[in-house]
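# Commentary on secondary and tertiary structure
Spelled out from the first residue to the last, the chains are:
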Amino acid sequence: MGLTRYLVVRASLANRSMWFWGIFYSVFWIIIGAYLFSKGLGNVQFGAADVARLYMADWLTFVAIYMPTGLTVGYLYVLVYNTGAIPYLIRFGRLKPLKYLGSYYVAMVTATLILTAIVAAIAIPIMWSGLNYNGLHVSIDSLLPTSATNALGFVGVVVLSAVFMTAFMFLVFLLALAIPKHLTRISFIPMFLFFIFYFLYLYGAMPESAIPLIPFAGLMGLALSTYVGYDGVPTRMVGEVSHGYFIAPSTVPAWQVVAGTLTWVIVLTALSVLIIGNIKYEPPELIRGEA
Amino acid sequence: MRRKGLLEVSSNLPEIYRIGYSVSGLLEILEDLKGVDRDEFMEIMRRLNLNVKEILRRPVFALSAGQSALVRLALALSSRPKVMLIDEPFENVDPARRNVVVSMLLEYGEDGILVTHELDVLRAFKGLDAYLILEGRLYGPIGVGELLESGIVEGEAQGALLTVRIGERTYSIVKGGGVKFGELGSLNRLYGLLG
């Protein structure tokens, strides 16, 4: 529990960079989304509540999938700087490779849930205020998930995204061990991929086959669909509005996305156990590019 | 009789303590993963006359060289190991605290290896065996007490306790003759004296 508690509290919740780049950054863009980007939504004549809910879901999807990529940056540094300690603690301590991995999984899920909940609690009233300001008159209930079950489903997707991001982080860790002096750039790979797929999903339509195969896209769609209550995972994030009518996008079955993501997690976790068991010490001088 | 910990081997090498950002974070992790006893750690720090509250708050990298050596030693000993692998525990440590370090090394553990250049502190370990590493070559064993009473002379002497090679030359460690180890203070001075 000591390592897990350290990662959740000291490395995440008490980390000022995480508060700035995780919470403040997310809330900043939600304010922009609420008051600036939503200006055109005042023209919606029918299904205003659905539009409001979908718009809120789009933004919370951004937060839910972005947050663990931010945590990954910090955790990767911890992983790389630990390379001296881990073999010693496995051999002469109580650490086992699965326990080490498990600590990161639990920490990532816990920290992601807490940070996402904080942002959601701030975001919903801001969005309600912004939408009404721009002429889309809806109650605050319209911005919440369709039902309690959908809310739980959304929480489940947040957990799944944190689990996937942890598994992916260990793959990125392999790369960081190979070229430690590029650790800073490497640690942002998950975040870069998130933004690439987020904007592809936001401004275009993803091919149906890509959504179960690429968790970055699939998880965004899954978060959206559970929040809004779609039967499946939509192929585009923003619904089209035509002649005042909201047109729902085509969908992919949710189970395919969950199965695809879990397959990635299982494969990457198995690889991670091998990595952790064979870690070699990387001196900090190599990481800082001094050697 | 001090209670033995479950986790038998402890070391104070700096690279194995890069698992937490601050000393308090490090302590929290090692309590879980190495069986470090927090109360034992606090007691050791008190004996070393270090300001525990201030040191706990500090990032590990912000400790001075002496503080880092003492904190790492305290963490290594706090798991009450059976076997200790201690590297240069006296380096950058002021003379007053060196005596405390010596007494703690004698108190804790049953077996182990102590690596040091500091010959003047070895008087407390007279009953133990010493090995010398000179230019990457290992020589020994020789009793610590014997070593401190011996000196080093050039050439191969009859009845030498050890024969060593430094640079291109051969030297012998003999009782009573030559440059005495007990008077050197630090093994580093040997290279300067032998030229």
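Residues numbered from 1 in each chain as written. Chains lettered and ligands numbered in written order. Predicted model: local features only at pLDDT ≥ 70, side-chain atom pairs only at ≥ 80, totals over all residues. Heavy atoms only, no water.

### A look at the side chain of Asn134 of chain A
Its location among the elements puts Asn134 of chain A in the loop between helix 5 (97–133) and helix 6 (148–178). When sequence neighbours within four positions are dropped, the list of residues in contact with Asn134 of chain A reads Ala34, Tyr35, Leu36, Ser38, Lys39 and Gly42 of chain A. (Helix = DSSP H or I, 4+ residues; strand = E, 2+ residues; numbered from the N terminus. Contact = heavy atoms within 4.5 Å.)

### Examining the packing of helix 8 (residues 189–203) of chain A against helix 10 (residues 215–228) of chain A
All names here are of chain A. In contact at an axis separation of 9 Å, helix 8 and helix 10 are set at 55° when each is read in the N-to-C sense. Relative to helix 10, the element helix 8 is oriented oblique. Seen along the crossing, helix 8 lies across helix 10 with a hand that is right-handed. Each of Pro190, Leu193, Phe194, Phe197, Tyr198 and Tyr201 in helix 8 lies in contact with helix 10, whose residues at this interface are Phe216, Ala217, Met220 and Gly221. In terms of residue class, the contact of helix 8 with helix 10 is made up of nine nonpolar, one polar and no charged. (Axes fitted to C-alpha atoms, helices over the stretch in contact; angles between N-to-C directions. Parallel < 35°, antiparallel > 145°, perpendicular 65-115°, else oblique. Left-handed = near helix turned anticlockwise from the far one by under 90°. Nonpolar A, V, L, I, M, F, W, Y, C, P; charged D, E, K, R; others polar.)

### So, the confidence of the model for chain A
Reading fine detail from the predicted coordinates is not recommended where pLDDT is low. In the predicted model, chain A carries a mean pLDDT of 89, and the fraction of residues at 70 or more is 96%. Mean pLDDT values for the elements of chain A range from 67 in strand 3 (residues 245–247) of chain A up to 95 in helix 5 of chain A. (pLDDT = per-residue confidence, 0-100.)

### Concerning the sheet that holds strand 6 (residues 150–154) of chain B
All names here are of chain B. If you walk across this open sheet you meet the four strands as 7-8-6-9, and the pairing is antiparallel. What marks the edges here is a single partner per strand, and that holds for strand 7 (162–166) and strand 9 (179–180). Looking at chain direction, strand 6 and strand 9 are connected through two bridges and run antiparallel. By the bridge assignment, Ile152 is partnered in strand 9 with Val179. (Pairing = 2+ DSSP bridges.)

### Details of a nonpolar patch on the surface
A cluster of nonpolar side chains, namely Phe20, Trp21, Phe24 and Phe28 of chain A, defines an oily patch on the protein surface of about 450 Å² accessible area. On the accessibility criterion, Phe28 of chain A (39% relative accessible area) is partly exposed. (Patch = residues over 30% accessible without salt bridge, like charges linked within 9 Å, V, L, I, M, F, W, Y side chains within 5 Å. Areas by Shrake-Rupley, 256 points an atom, 1.4 Å probe, with all protein chains shown as cover. Salt bridge = Lys/Arg side-chain N within 4 Å of Asp/Glu carboxyl O. Buried < 20%, exposed > 50% of the residue type's maximum accessible area, 1.4 Å probe, protein only.)

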